[in-house]
Structures are given as C-alpha cells and as structure tokens.
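Residues per chain, in single letters:
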Amino acid sequence: MDIDSRVSREEDIIQIYLRPLAARWPGALELRDDCAVITPAPGQDIIVKTDPIRAGIHFFTNDNPDDIAWKALATNVSDLAAKAARPFAYTLALSFPRIPKHDWLSVFAKGLEKAQSAFGCILVGGDTDIECGPLNISVTMFGEIAKGQMLKRGRAKPGDSVFVSGTLGDSSLGLHLRKSNNFRNMFSNYADAALERYLRPVPRLGLRSALRGYARASMDISDGLLKDLQRMCSVSGVGASINARELPLSTAMQHVAKLDFRQAISFIAGSDDYEILCAVPPEDDKNFIAAAHAGCVAVTKIGEFSSDPVVRLLDDSGAHMNWGMDNLYFL
Ligand SMILES: [Mg+2]
C-alpha cells in the first residue's frame, strides 16, 4: 500500500491494522464478530475503566501516533494499577475526523502493539468511524483482581499517611514545554525528560502488590494532586495536610522550584501525572515503602489525612500556601 494512501474501508482498518493485535485472545474471535467473550478466572473480579483521549485536549493532532497509542492505553492502565488490578484486555473505539492515512494507522497500530505488550493486555474488540470533530480514541480496559480486593478511593481515615508514587508536576511541565519554544529554551537540559512524561506516562503497575498489602484507599493522579486528593478526601469524609517541601520532584521540577517554588506548585496542581495517590495506616509506612521498592516504584509520604475536611498545603513553618494555579507567567 502506498505510504500516503488513505484507508477508506472500516473492514480494512480492522483486518489490516487491528486484527493482529487481537491474535492471542480466542474470545476476540479475530475481530470478525459483533462482540468478544471474556471469561473471568475463578475467584476473580473484573475491573473496568473507560477513559477516552481527544485531539486538542489530551494530545496534539501532530503528536507521533506511536505516542498517542501509548497514552490511550496508559491512561486507562494507570487507573487499574491504582486499584491494584492486573490489566488483561481492552476495546478500542476510533473516531476519525477524515479517512485516515496508511502511514498514520501503521505507526499507531505498532504503538498499540508496544503498549499492550508493556502493560500485559490484548485488544479484544471495538469500532471505527468517521465523524466531524477531533480524532477521538476511546479505550475500555478490563483488569482482574481477587474477588472483593479492589482498592477504593473512599476509605482513607484521619491519621493515615498520604503517599504518592514517582515525582509530580512533570507532565504539566512537559505540556508547557510542548506549547512554548521560549519556555523550552529555559529548560533545554531537562526538556526531553519532561516531554517524555507528558507524551508517554508510565502506569505504576509495579505498585500493585504494595497497594494490596498496605494501602487503605488508592486512586491515580490524572487530574492533578490537588483535585484528586480533594476527591479522595471528599468521598472518604476526611481532609489532608500536605507538606509542600515533601512533594517529590524530578531534576527538571527541582530546577523549576529553584527558579520559583510557587511555579513548581502550580505544575503539581496541573494534570496528567498518572502517579498513584494512596492512604496508608501510619504503622505500615515502612512496610509499604519497602514493598513499593520491591516493585521498583519510589513512593513518598507527603502528609497526613485529618478529620477536618479541608485539603491544606503547608510551608516549612506550617503556614498555609495557595496551590498557585495563577502562576503560569513563563508562558
Ligand atoms: Mg484516574
């Protein structure tokens, strides 16, 4: 097929590009039927998540299709990882603004193949169509976990430790680097790492065992630490105090913090970090850290849950700080 040629038949998109991704799952019926079959293993619950991504909102139209494919799966796998579930299958609904090109589809399908092999899941069904509007990629991810063991977000208790995985704010920094050349010049030594975090988030599947063993409540940080912590607190009926200086920062974010700490805080309140936020009973702090380390995931205690239903950010002296969403003056 010519590299610039367009692929107009839905059957061709499915059979040429998507069917190979479903080859190892008999219940996918080679994507030749209307539905797929998923049989849960004995004693397992199936955990389901749908999180679509859309051009112009979650990625740029001219991003590499390999990165777009990775992000489409990673954002869904991240939620399952936070629930301590193992992803195993997904469906994919693609809505194109116009008939897609062969070269775009080819790179996109290879990107899906890499991502599904990294995350341990297989395509089992879906749909494609052409509709006016931006490219929309809707993934529904299926995972499994022992019956009744899914970690919920609403179980945090006053006195529990607030833990996060990895480092925070990198994706928001990466997005601003993606948008602004001036901004990129200021961060030339760190730009690649931050951009990678924005384009190719890494779900923390290695944390599942530590979460299962020690966490009381858990969710991923897809909409920023502030918003997601508020959600966890609200549904748990608690508040939290976060120590600003304990927030884990990458080398790039340390550079931002040195220039302006409040700017760093505003990135941390931004979205798309795909780290995990969890509540751990304080007597289990050490065990949780060790189990996370065994899963090759760094975790940091950033504060404590409280009975007072407010989310506070505190400086070194214990004074309240703002989350600084109005500090994006570099742009
Ligand atoms: Mg989420």
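Residues numbered from 1 in each chain as written. Predicted model: local features only at pLDDT ≥ 70, side-chain atom pairs only at ≥ 80, totals over all residues. Heavy atoms only, no water.

## Focus on the coordination of the magnesium ion
In the first shell of the magnesium ion, the protein supplies D79 (OD), D220 (OD) and S222 (OG), at 2.1 to 2.8 Å from the metal. Look at where the donors of the magnesium ion fall in the sequence and you get D-x140-D-x1-S. Residue D220 shares its accessibility class with S222, and that shared class is buried. (Donors = N, O, S within 2.8 Å, 3.2 Å for Na, K, Ca; no water. Buried < 20%, exposed > 50% of the residue type's maximum accessible area, 1.4 Å probe, protein only.)

## Some remarks on the side chain of T140
Of note, T140 is situated in strand β5 (residues 136–146). Engagement of the side chain of T140 in a polar contact is seen with the side chain of T50, the distance being 2.8 Å. Apart from residues lying up to four places away in sequence, T140 is in contact with V48, K49, T50, A89, Y90 and T91. (Helix = DSSP H or I, 4+ residues; strand = E, 2+ residues; numbered from the N terminus. Polar contact = N/O pair within 3.5 Å; in protein donor to acceptor, adjacent residues only side chain to side chain. Contact = heavy atoms within 4.5 Å.)

## Concerning helix α9 (residues 251–259)
Of the positions making up α9, those classed as buried are A252, M253, V256 and A257. When α9 is viewed along its axis, its buried side chains cluster within an angular range of 140 degrees and face the same direction. For α9, the exposed residues lying more than 90 degrees away from the buried face are T251 and K258. Its buried side turned inward, α9 meets α4 (170–179) and α10 (261–268). (Arc of directions from axis to C-beta.)

## Digging into the domain arrangement of the protein chain
For interface size, the figure often reported is the accessible area lost on association. The domain architecture assigned to the protein chain consists of domain 1 (10–146) and domain 2 (161–321). The C-alpha-based centres of domain 1 and domain 2 are spaced at 27 Å. At the boundary of domain 1 with domain 2, total buried surface from both sides reaches about 1,900 Å², with 56% on carbon and sulfur atoms. Put simply, domain 1 and domain 2 have three salt bridges between them. Salt-bridge contacts for D63 lead to R178; the nearest nitrogen and oxygen are separated by 2.7 Å. Here domain 1 and domain 2 share nine residue pairs in polar contact (both at pLDDT 80 or more) between them. Taken together, the elements giving at least two residues each to the side of domain 1 that touches domain 2 come down to α2 (65–82) and β3 (86–96). Its residues placed into classes, the side of domain 1 that touches domain 2 shows eleven nonpolar, four polar and seven charged. (Domains from an automatic or database assignment. Buried area = accessible area lost by both parts, 1.4 Å probe. Salt bridge = Lys/Arg side-chain N within 4 Å of Asp/Glu carboxyl O. Nonpolar A, V, L, I, M, F, W, Y, C, P; charged D, E, K, R; others polar.)

## Here's the deal with the state of the cysteines
This model, assessed by the stated rule, comprises zero disulfides. As a non-bridged cysteine, C121 has C296 as the owner of its nearest cysteine sulfur, 20 Å distant. C121 sits in the buried class, given a relative accessible area of 1%. (Disulfide = S-S within 2.5 Å.)

## Quick notes on the sheet that holds strand β9 (residues 275–280)
Pairing in this open sheet of seven strands is mixed, and the strands run β7-β9-β6-β10-β8-β11-β12 from one edge to the other. On the outer flanks of this sheet lie β7 (217–221) and β12 (320–321), each paired with one strand and no other. Examined bridge by bridge, strand β8 (residues 239–243) and strand β11 (residues 311–314) share four bridges and lie parallel to one another. Following the sheet pairing, A240 is matched in β11 by V311. Along the sheet, helix α8 (residues 225–236) makes contact with β6 (161–165), β7, β8, β9, β10 (299–306) and β11, crossing β7 at roughly 155 degrees. (Pairing = 2+ DSSP bridges. Axes fitted to C-alpha atoms, helices over the stretch in contact; angles between N-to-C directions.)

## Some thoughts on the side chain of S236
Inspection of the secondary structure assignment puts S236 in helix α8. A relative accessible area of 15% means that S236 is categorised as buried. Within the structure, S236 has its side chain in polar contact with the backbone nitrogen of A156 (distance 3.1 Å). Aside from chain neighbours lying at most four places away, what touches S236 is R153, G154, R155 and A156.

## Considering the packing of aromatic side chains
The tally for this structure, following the rule as stated, stands at six aromatic pairs. The interplanar angle of 85 degrees and the centroid separation of 6.0 Å between the aromatic rings of F96 and W104 together place this pair among those described as edge-to-face. Their ring planes at 20 degrees and their centres at 4.8 Å tell us that W104 and F108 sit as a pair that is stacked. On the criterion of helical spacing, the pair formed by W104 and F108 is a turn pair, its members being four residues apart in helix α3 (residues 102–119). Put simply, the rings of F96, W104 and F108 touch in pairs and so form one group of aromatic residues. The side chain of R178 reaches across the aromatic face of F60, ending 4.1 Å from its centre. (Phe/Tyr/Trp six-rings, centres within 6.5 Å; stacked < 30°, edge-to-face > 60°. Lys NZ or Arg CZ within 6 Å of the ring centre and 35° of its normal.)

## What about the nonpolar core?
Counting 63 residues, the largest nonpolar core has L18, Y90, L92 and I137 as the members making the most contacts within it. Looking at which element gives the most residues to this core, the answer is α2, with ten residues. Two domains each put at least three residues into this core: domain 1 (10–146) and domain 2 (161–321). The contacts of L92, once residues within four sequence positions are left out, are L18, F108, L112, L123, G125, G126, D127, I137, S138 and V139. Counting 43 residues, the second largest nonpolar core, distinct from the first, contains L173, A240, M253 and A264. (Core = buried A, V, L, I, M, F, W, Y, C linked by side-chain atoms within 4.5 Å.)

## Digging into the pairing of strand β4 (residues 122–130)
Looking at chain direction, β3 and β4 are connected through eight bridges and run parallel. Across the sheet, L92 pairs through a bridge with G126, a residue of β4. In this region the chain leaves β3, passes through α3 and returns to the parallel neighbour β4; the handedness of that crossover is right-handed. (Right-handed = clockwise from strand over helix to strand, strands pointing away.)

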